[in-house]
Structures are given as C-alpha cells and as structure tokens.
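Notes for the structure review
Chain by chain, the residues:
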Amino acid sequence: MTGEALFHDEAGMLVPGALARGPWSPDALHGGPVAALLAHVAEQAETPGPMHPARLTVELLRPVPLAPLRPVRRVLRPGRKVQLVESALFAGETEVARATLLRLRRAKLALPATVRGGPSDPPPPPSASRATNAPWRGSPGDPAGAAVAYHSHATEHRLVRGEWGAPGPCTDWIRLRVPLLPGTPPSPLVRVAAVADFGNGIGSALPYEAFTFVNADLTIHLHRLPEAPAGPSDGGWVCLDAATWPDEDGVAIAESTLYDERGRIGRALQSLLLEPR
C-alpha cells in the first residue's frame, strides 16, 4: 500500500480522495469505499466479548458525493450473543448511505469429523490468475476511463475467468492497494466490504455501452473472515465469483460467492436498477 488513502479524517469529517471515485459519475464515490467506510464505523462499537460480523447490509440512499462525510453510529440491539449496529454517512444534513452490521458471539465449538456443507474449495490462486491493469470503462463524463478512480487505481485485480467489460460470469481476485484511512490497516471485514461491491460490474449480464446497472444496496454474509495477509506485499486477496440475473422489468440481482485463499468465506448480493443509456 502506498501513502495515499481512500479517506482522511479532518476534525471528525471523513474526506474522500480521488481514489474513492466511482465509474458512474466523476462526482460520486464507488460503492466499495462507501461500504468499507460504513463497515469501519460500525466496527468501532464496543462488544461484550468476541463477536463475528455475520452480516453487513449497506443501503445506498443517494449517490455519495466526493465531499466531506459525517459518520454516525448507534447500537440498535445490544446483547451478549447477538448485536445489531447501525452506521450512517451524511453529506451536510443529507443522509446518503447507511448500514446495519449483525454480529454474533464467537465461541469455540467442537464439530463432528464430517461436516456436510457445500463446496468450499477456492478458485485457482491469484498467482495462477491473469493480472489485469487495464482501467474499466469510465463514467459518461470520463468515457476513456482516464481519471483516477477506485476501480482502476485503488484496487488490484487478477482474473480467473471472464473478462472485464464482456457480459457474463466472472471470477476475480481483488485486493486494496491503499488503506481506507492513513495509518489504519483494513480489518478483515473492511477488506471484504471494499471489494464485494464489484460483483455487478465484473459479472454484468448487459453491455456497459447500452445499459446502466447501478446497485441500490449490498448485503454481505460471512461464515468466516478472510485470513490475514502474510505480509505487506502479499496476501489480502478476496475473490468474487460473480454473476447477474436481469429481468425485462428493469431489475436484476448480482450474486457473488466470496473466497479467500483457503476457501469459501461467504456470499454477497446486490439489487440492481437497469436502465438504457
């Protein structure tokens, strides 16, 4: 990671930099930095003991502007076994995004020798996947994708299958190149939240030139947190095996199975609004 960051804390206001910019508008943030920031704010709530972040649901209420954001946090449900925390971001007096974080108590449990779950093996590792540095198409105001933006400058990608910009399922290892905040290594939950929003982009079912497919939300379920990076220059990867299901009513769902390099860790879902350009 470089010395740059997605956000800077200025007297309690979280100020986004150009690296947080999204592909839909040059004046709005990518959903990944927004989800990561909401996860970070929610995680600061105290717990009565070890707890696991089982679900993070992000509501993107409005386009989040490239402007100072005021974070707000409150505990909706305190508890020793189940806790629900809400975090929100305000631009001025307008709430632009919010999230609820469901945490479950963590305790060692003796499982039987045979556990009958579904497939959990990871895709081929990042080292065996195709590195891609080509920027994804930019926003309508930046059709060449030349401007500094989150998808092309703040994250690193290695493709297992599929192609950026080509409709169809895609499997992509992704990791942050920069921290969320200066001097603050991203937590495991923040690492997942920072990349899970890519599902509708990499696994799109419609051509980018003819349609927009903006997500109004993001829900992440985790049965296990990704393992910590082995060092500053390796690890930290989270894989999305993503696909989208569109409907003629102008809505769609993007679904991503999430992996770290050891295996499956959870799933992410996005509700999409489809519109012609």
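Residues numbered from 1 in each chain as written. Predicted model: local features only at pLDDT ≥ 70, side-chain atom pairs only at ≥ 80, totals over all residues. Heavy atoms only, no water.

1. A closer look at the packing of aromatic side chains
- Under the defined criterion, the tally for this structure stands at two aromatic pairs.
- Summarising the aromatic geometry, the rings of Tyr-150 and Phe-198 are spaced 5.8 Å apart at their centres and angled 15° between planes, so their arrangement reads as stacked. Of the two residues, Tyr-150 is situated in helix α2 (residues 150-154) and Phe-198 in the loop between α3 (188-196) and α4 (199-202); the sequence distance between them amounts to 48 residues. Comparing Tyr-150 with Phe-198, the two get one shared label, buried.
- With a centroid separation of 6.3 Å and an interplanar angle of 80°, the aromatic rings of Tyr-208 and Phe-213 are classed as edge-to-face.
- The side chain of Arg-70 reaches across the aromatic face of Phe-90, ending 4.7 Å from its centre.
- Residue placement shows Arg-277 over the ring face of Tyr-208; its charged tip is 4.2 Å from the ring centre. (Phe/Tyr/Trp six-rings, centres within 6.5 Å; stacked < 30°, edge-to-face > 60°. Helix = DSSP H or I, 4+ residues; strand = E, 2+ residues; numbered from the N terminus. Buried < 20%, exposed > 50% of the residue type's maximum accessible area, 1.4 Å probe, protein only. Lys NZ or Arg CZ within 6 Å of the ring centre and 35° of its normal.)

2. Regarding the environment of Thr-244
- Checked against the element boundaries, Thr-244 lands in strand β12 (residues 238-246).
- A relative accessible area of 13% places Thr-244 in the buried class.
- Counting along the chain gives 76 residues from Thr-244 to Gly-168, while the straight-line C-alpha distance between them is 7.7 Å.
- Apart from residues lying up to four places away in sequence, Thr-244 is in contact with Asn-200, Gly-203, Ser-204, Ala-205, Ala-252, Ile-253, Ala-254 and Leu-272.
- For Thr-244, the side chain forms a polar contact with the main-chain oxygen of Gly-203, separated by 2.8 Å. (Contact = heavy atoms within 4.5 Å. Polar contact = N/O pair within 3.5 Å; in protein donor to acceptor, adjacent residues only side chain to side chain.)

3. Thoughts on the environment of Val-96
- Mapped onto the fold, Val-96 is located in strand β6 (residues 94-105).
- In the structure, Val-96 is positioned 70 residues away from Ala-166 in sequence and 31 Å away in space, judged by C-alpha atoms.
- Residues contacting Val-96, with those up to four places away along its chain left out, are Glu-59, Leu-60, Leu-61, Arg-62, Pro-63, Val-64, Pro-65, Leu-69, Leu-89 and Ala-91.

4. Brief notes about the environment of Ala-54
- Mapped onto the secondary structure, Ala-54 falls in strand β3 (residues 51-60).
- Measuring from C-alpha to C-alpha, the distance between Ala-54 and Leu-222 comes to 5.0 Å, with 168 residues separating the pair along the chain.
- With residues up to four places along the chain from it excluded, the contact list for Ala-54 reads Leu-102, Arg-103, Leu-104, Ile-220, His-221 and Leu-222.

5. Observations concerning the pattern of salt bridges
- For the coordinates displayed, the defined rule picks out nine salt bridges.
- The shortest N-O distance in the salt bridge between Arg-161 and Asp-241 comes to 2.8 Å. Taken together, the residues Arg-161 in strand β8 (residues 155-161) and Asp-241 in strand β12 connect sequence positions 80 residues apart.
- Among the residues examined, Asp-241 registers a relative accessible area of 24% and is labelled partly exposed.
- Salt bridges sharing common partners tie together Glu-156, Arg-158 and Arg-175. (Salt bridge = Lys/Arg side-chain N within 4 Å of Asp/Glu carboxyl O.)

6. Topic: unusual backbone geometry
- One non-glycine residue, Ala-11, adopts positive backbone phi at about 55°.
- Position of Ala-11 among the secondary structure elements: in the loop between β1 (7-10) and β2 (13-16).
- Residue Ala-11 is classed as exposed on the basis of its relative accessible area of 86%.

7. Quick look at the nonpolar core
- Counting residues in each nonpolar core, the largest one holds 54 residues, and the members touching the most others are Leu-6, Leu-69 and Ile-220.
- Every residue in contact with Leu-6, bar those within four places of it in the chain, is listed here: Val-15, Pro-16, Gly-17, Leu-19, Ala-20, Pro-33, Tyr-150, Ala-154, Leu-176, Val-178, Pro-179 and Leu-180.
- In terms of nonpolar packing, the next biggest core, distinct from the first, is built from seven residues, Tyr-208, Ala-252, Ala-254 and Leu-274 among them. (Core = buried A, V, L, I, M, F, W, Y, C linked by side-chain atoms within 4.5 Å.)

8. Here's the deal with the pairing of β2
- Relative to β2, β1 runs antiparallel, the two sharing four bridges. By the bridge assignment for β2, Glu-10 is matched with Met-13.
- Here β1 hands over to β2 after two residues, with Ala-11 in that stretch at a positive phi of 55°. (Pairing = 2+ DSSP bridges.)

9. A closer look at the state of the cysteines
- Throughout the structure, instances matching the rule amount to zero disulfides.
- Sulfur of Cys-170: no disulfide; nearest cysteine sulfur belongs to Cys-239 and is 8.8 Å away.
- Residue Cys-170 is classed as buried on the basis of its relative accessible area, which comes to 0%. (Disulfide = S-S within 2.5 Å.)

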